[in-house]
Amino acid sequence: MIRTSLALLTRNFPSPPPLLGAAAGPHNALVLLSSSNRYALLSPTRRFESTEAARLHEDENDGQEFDFPGGRVPFTSEMKFIAESTEERVSCYRILHENGETILPANFKQLSKDVMVKMYKDMITLQTMDTIFFEAQRQGRISFYLTSAGEEAVTIASAAALHSDDVVLAQYREPGVLLWRGFGLQEFADQVFGNRSDYGKGRQMPIHYGSNLLNYFTISSPIGTQLPHAVGVAYSLKMDRKDACAVTYFGDGGTSEGDFHAALNFAAVLGAPVVFICRNNGWAISTSIQEQFRSDGVVVKGQAYGVRSIRIDGNDALAVYSATRRAREMAIAEQMPVLIEALTYRVGHHSTSDDSTKYRGVDEIEYWKTKRSPMDRFARWLRNNGWLSEEDESMHRSTVKKQLLQAIQKAEKAEKAPVSALFSDVYDHIPSNLHEQEQVLRQTMKRYPQDYPSDVPL
Ligand SMILES: Cc1ncc(C[n+]2csc(CCOP(=O)(O)OP(=O)(O)O)c2C)c(N)n1
Ligand SMILES: [K+]
């Protein structure tokens with residue numbers, strides 16, 4: 001098999017790149033790795049072989065259908081364009097009523113109390129972090145912050161459904177996932193204060209968290225870049241035959257980036273085990289979803305790329321948890337991507353640099369905050385089950401608040417990373433142009449000390 005494919009490769013590439021190895025790829029295709037880091041996919045499937053049998057069949061059915069790569073295509077004499085939309089919108093999977101009662105598939109009682117209670121407590125922690133860090137920014141102690149308010153269930157309930165080996169590539173409004181995985185309050189505080197203990201050594205804006213230990217790629221600001229990266233990660237998990245998947249998060253705005261479309265297609269074609277989770281929260285800064293797309297949201301885009309998809313109520317923690325768990329199982333067992341569109345709402349401003357009342361009504365925000373809160377709904381269900389008491393909840397709230405204030409004090413006092421850290425960690429041997437830049441920076445800092453922070457060690 002390998003020999004045949006190598007022969008094929010040699011035929012198709014006049015001077016093939018030196019081969020480093022071969023591995024089984026999707027649909028038993030062979031993946032050949034070359035030293036130029038390119039690979040060729042040699043599919044053993046009969047793509048363009050319109051077989052004798054198929055041609056005979058065509059004759060038999062009077063030319064009613066024909067064989068075309070991908071399957072048989074029926075003919076029609078009716079000139080019919082595919083409609084730009086369907087009459088009915090794609091329905092939304094939900095299992096928890098606003099009143100905290102489940103719309104019950106009976107087996108739903110199988111949920112673990114510990115997992116469910118931790119989910120809710122992490123939502124409270126996230127909410128507390130958001131309140132305190134937001135205030136710290138308003139007090140001028142940190143430069144920037146961005147909350148997850150209104151989207152606590154999407155991130156925390158989905159994180160709870162994953163395994164720790166699954167690799168997460170998030171946008172920026174998903175610290176809930178990191179929190180679920182065990183990132184500590186001190187680690188969050190060190191990052192937003194950009195001190196020496198921050199894993200990024202203060203080189204990124206606040207909220208650009210990352211953790212090697214917790215399989216969470218460091219956030220990068222440009223919208224959508226994490227999507228093709230996630231497909232690459234998933235494909236590598238596939239090649240290593242790992243029992244894990246990649247999970248990537250993004251907003252509705254992110255789906256207008258080319259990277260979203262490239263990633264979906266790339267994932268479908270390669271059979272990459274990746275779960276795409278779109279937080280459709282209604283707004284991309286000041287751009288509403290009515291201005292973002294004309295389609296029925298995001299879920300319908302999956303099918304066009306050959307990706308199994310579901311729309312869920314992102315404010316129903318149980319729906320998020322169960323759909324993510326199932327999506328993960330399918331992605332790994334069937335080695336394919338799955339798309340989840342979670343309908344939710346960004347209750348807070350886009351970030352501390354935004355005032356969202358300039359472009360949306362206060363009524364709309366209030367409605368989502370009070371009538372459709374993901375936390376209130378989930379808390380009602382937990383209380384109905386006798387799994388959570390008001391005392392537990394308020395105790396957790398005050399403990400977290402105290403711990404976070406301590407963490408902030410420590411993070412604020414901690415030394416910043418030295419100037420040299422700006423130039424390290426990318427190259428093994430620092431190139432000469434970076435050495436020059438470092439020298440120029442140091443000279444400028446000496447000449448204009450008033451323009452540079454005094455707490456950064458030289
Ligand atoms: C490539 C790129 N274009 C524009 C921006 C500026 N920008 C930052 S956040 C954002 C909105 C993204 O909205 P969405 O993906 O819906 O996520 P949300 O903020 O609603 O969670 C934009 C346009 C950016 N960071 N990167
Ligand atoms: K990104």
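Residues numbered from 1 in each chain as written. Chains lettered and ligands numbered in written order. Predicted model: local features only at pLDDT ≥ 70, side-chain atom pairs only at ≥ 80, totals over all residues. Heavy atoms only, no water.

Per an unreviewed UniProt entry, the chain carries the name 3-methyl-2-oxobutanoate dehydrogenase (2-methylpropanoyl-transferring) and comes from Cucurbita moschata. Under Sequence similarities (unreviewed entry), UniProt gives the following word-for-word description of the chain: "Belongs to the BCKDHA family." Listed under Catalytic activity (unreviewed entry) in UniProt, the entry text for the chain is "N(6)-[(R)-lipoyl]-L-lysyl-[protein] + 3-methyl-2-oxobutanoate + H(+) = N(6)-[(R)-S(8)-2-methylpropanoyldihydrolipoyl]-L-lysyl-[protein] + CO2". (UniProt positions renumbered as here; feature names shortened; annotations may be inferred.)

Trainee: Please explain the packing of aromatic side chains as it appears in this structure.
Mentor: Each aromatic ring pair is characterised by the separation of its centres together with the angle its planes make. Following the criterion strictly, the structure yields 15 aromatic pairs and no others. Between the aromatic rings of F66 and F75, the centroid separation amounts to 4.9 Å while the plane-to-plane angle is 10°, which identifies the pairing as stacked. With relative accessibility at 25%, the residue F66 sits in the partly exposed group. Residue class for F75 comes out partly exposed when judged on its relative accessible area of 48%. With centroids separated by 5.1 Å and ring planes inclined at 10°, the aromatic side chains of Y345 and W368 adopt a geometry described as stacked. Taken together, the positions of Y345 in the loop between β12 (338–343) and α12 (362–370) and W368 in helix α12 put the pair 23 residues apart, joining distant regions of the chain. Members of the aromatic cluster, joined through ring pairs, are Y120, F378, W381 and W387. A cation over an aromatic ring shows up here: K118 above the ring of W180, its NZ or CZ 4.3 Å from the ring centre. (Phe/Tyr/Trp six-rings, centres within 6.5 Å; stacked < 30°, edge-to-face > 60°. Buried < 20%, exposed > 50% of the residue type's maximum accessible area, 1.4 Å probe, protein only. Helix = DSSP H or I, 4+ residues; strand = E, 2+ residues; numbered from the N terminus. Lys NZ or Arg CZ within 6 Å of the ring centre and 35° of its normal.)

Trainee: Quick question: what am I supposed to make of the pattern of salt bridges here?
Mentor: A side chain with one charge can pair with a side chain of the opposite charge if their charged atoms come near. Inspection of the entire model under this criterion finds 26 salt bridges. Taking the shortest distance from any N to any O, the salt bridge between R141 and E412 comes out at 2.8 Å. With a gap of 271 residues between them, R141 in the loop between α3 (113–138) and α4 (152–161) and E412 in helix α14 (residues 390–413) connect regions that are remote in the sequence. Looking at R141, the relative accessible area reads 35%, which means it is partly exposed. We classify E412 as partly exposed; its relative accessible area is 33%. (Salt bridge = Lys/Arg side-chain N within 4 Å of Asp/Glu carboxyl O.)

Trainee: Mind showing me how you'd approach the coordination of the potassium ion (ligand 2) here?
Mentor: Between any two of four tetrahedral donors, the ideal angle at the metal is 109.5 degrees; between two of six octahedral donors, it is 90 or 180 degrees. S220 (O), P222 (O), T225 (OG1) and Q226 (OE1) make up the full set of protein donors to the potassium ion (ligand 2), lying at 2.5 to 2.8 Å. Along the chain, the residues that donate to the potassium ion (ligand 2) are spaced as S-x1-P-x2-T-Q. Judged by its relative accessible area of 6%, Q226 is buried. (Donors = N, O, S within 2.8 Å, 3.2 Å for Na, K, Ca; no water.)

Trainee: Got a minute to help me understand the nonpolar core in this structure?
Mentor: A general feature of soluble globular proteins is that nonpolar side chains tend to end up buried together. Among the nonpolar cores identified, the biggest contains 76 residues, and M116, M119, Y120, M129, F133, F378 and W381 are the most heavily contacted of them. In terms of residue count, α3 provides more of this core than any other element does, 11 residues in total. Ignoring anything within four residues of it in the chain, the contact list for M116 reads L111, L318, Y321, F378, W381, L382 and W387. Within the second largest apolar cluster, 24 residues are counted, among which are A244, A272, V298 and L339. (Core = buried A, V, L, I, M, F, W, Y, C linked by side-chain atoms within 4.5 Å. Contact = heavy atoms within 4.5 Å.)

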